[in-house]
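Architecture and fold: a report
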Amino acid sequence: MDERYAQRIAERRCEIVDRMTEALAASGRTLDQARLVAVSKTVGVPEVLTALDAGYRTFGENRPQELGRKLGALSFIEGLPDARFEMIGNLQTNKINAVLGRVDLIHSIGSRHLAEAVSSRAARRIDAGELAAPQPVLIEVNVSGEETKGGFSPEEIRRALPELQDLCGIRIEGLMTMAPRGNKDAARACFAGLRELRDELAKASGLPLAELSCGMSEDFEVALMEGSTCVRLGRVVFDPAFAVL
Ligand SMILES: *Cc1c(COP(=O)(O)O)cnc(C)c1O
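Treat the numbers as computed from the prediction; the structure is a model and nothing was measured. (Residues numbered from 1 in each chain as written. Predicted model: local features only at pLDDT ≥ 70, side-chain atom pairs only at ≥ 80, totals over all residues. Heavy atoms only, no water.)

Bringing the overall build of the chain into the picture now. Check the secondary structure of the chain and you find 8 helices and 8 strands. The C-alpha atoms of the chain give 18 Å as radius of gyration, which agrees with the globular expectation for 245 residues (18 Å, within 12%). Among the 245 residues that make up the chain, the fraction classed as buried is 49%. For the chain, the proportion of contacts with a sequence separation of at least 24, taken over those separated by at least 6, is 64%. Working note: accessible area of the chain is about 11,900 Å², and carbon and sulfur atoms make up 48% of it. Each charge class in the chain was averaged separately, 31 positive and 36 negative side chains, and the resulting centres sit 2 Å apart. (Helix = DSSP H or I, 4+ residues; strand = E, 2+ residues; numbered from the N terminus. Rg over C-alpha atoms; globule rule 2.2 N^0.38 Å. Buried < 20%, exposed > 50% of the residue type's maximum accessible area, 1.4 Å probe, protein only. Contact = heavy atoms within 4.5 Å. Areas by Shrake-Rupley, 256 points an atom, 1.4 Å probe, with all protein chains shown as cover. Lys, Arg positive; Asp, Glu negative; His and termini not counted. Charge placed at Lys NZ, Arg CZ, Asp CG, Glu CD.)

If you want it as structure tokens, here you go:
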């Protein structure tokens, strides 16, 4: 990667960290209370290497095949810092085996069917000694109610969680959502709704559900002010031309 790009990415990272720090302070928190996943789905291995150099350690992918390609390429390079990957996109059941054990977290469990499929495959791998522990996952909730969005409706997850929490191949660590685009007030209401739903579900289930994965390039500060513990940032990380508002 050219040096100028590398410099822009490193400077941009400092700006993002500053903005995260300020937004977290607004909710009485500090930088260690939220994670940043650099969403590398639209960039190649050279950009991931640049980002590693700039200090990013966790990357988000939404296609199992691309995840495999990047992991493969990185495995051939010696002396790299540990790069971790998480699955953020819609996952098809026939692709589950391609991500199990290769990602630290699956953010996008958006249906009962998918939860059961991931759990049964993970349980089989655990029994075979191929996987050390249940797969950590988040439940994707369609808080805004937009028809184009995937995930459980709040009502569906209220009903389904007692069964999902008994699935032995997955460990549910929290909730994830995508906010409506281009409307900060609607986004804020969506993030607040996710937090309130988490509080309610945590109480009802006894699960901590500590992770709230929400906030993207356009709205991560609002998300952090509303309690996000994990922002998923693509364009603002990798595209020097993305306007920092
Ligand atoms: C692409 C994507 C992101 C990152 O979006 P940006 O707007 O580029 O920050 C975050 N989460 C999911 C689920 C995505 O698919």
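Now that the structure is up, let's keep going.
Turning our eyes to something else, we now look at the site of the ligand. Around the ligand, the neighbouring residues are Val39, Lys41, Ile88, Met176, Met178, Arg181, Met216, Ser217, Arg232, Leu233, Gly234 and Arg235. Contact with the protein chains hides 91% of the accessible area of the ligand, taken as 390 Å² for the molecule alone. In a pocket analysis with a 2 Å cut-off to the grid points, the ligand is assigned to the largest pocket. (Near = heavy atom within 4 Å. 1 Å grid on protein atoms, 1.4 Å probe; cavity = no way out; pocket = protein on both sides within 12 Å on 5 of 7 lines; lining within 4 Å. Sits in = over half its atoms within 2 Å of the grid points.)

For helix H1 (residues 3–26), spanning 24 residues, the distance from its first C-alpha to its last is 35 Å, which sits close to the expected 34 Å at 1.5 Å a residue. Every buried residue belonging to H1 is among Tyr5, Ile9, Arg12, Ile16, Arg19, Met20, Ala23 and Leu24, and all of these are buried. Buried residues along H1 sit against strand E1 (35–39), helix H2 (45–54), helix H7 (220–225), strand E8 (230–233) and helix H8 (235–238). Looking one or two places after H1, you find Gly28, whose phi comes out positive at around 70°. (Expected span 1.5 Å × (residues − 1).)

Moving on, we get to the packing of aromatic side chains. A full pass over the atoms with the stated rule returns 1 aromatic pair. An angle of 35° between the planes, with centres 5.7 Å apart, marks the rings of Phe59 and Phe85 as tilted. Here Phe59, found in strand E2 (residues 58–61), pairs with Phe85, found in strand E3 (residues 84–87); they are 26 residues apart in sequence, far enough to count as distant. Under the relative-accessibility criterion, Phe59 is labelled buried at 0%. By relative accessible area, which is 2% here, Phe85 ends up buried. The ring of Tyr56 has Arg13 sitting right over it, with the charged end atom 5.1 Å from the ring centre. (Phe/Tyr/Trp six-rings, centres within 6.5 Å; stacked < 30°, edge-to-face > 60°. Lys NZ or Arg CZ within 6 Å of the ring centre and 35° of its normal.)

In short, shape yes, function no, at least from these values alone.
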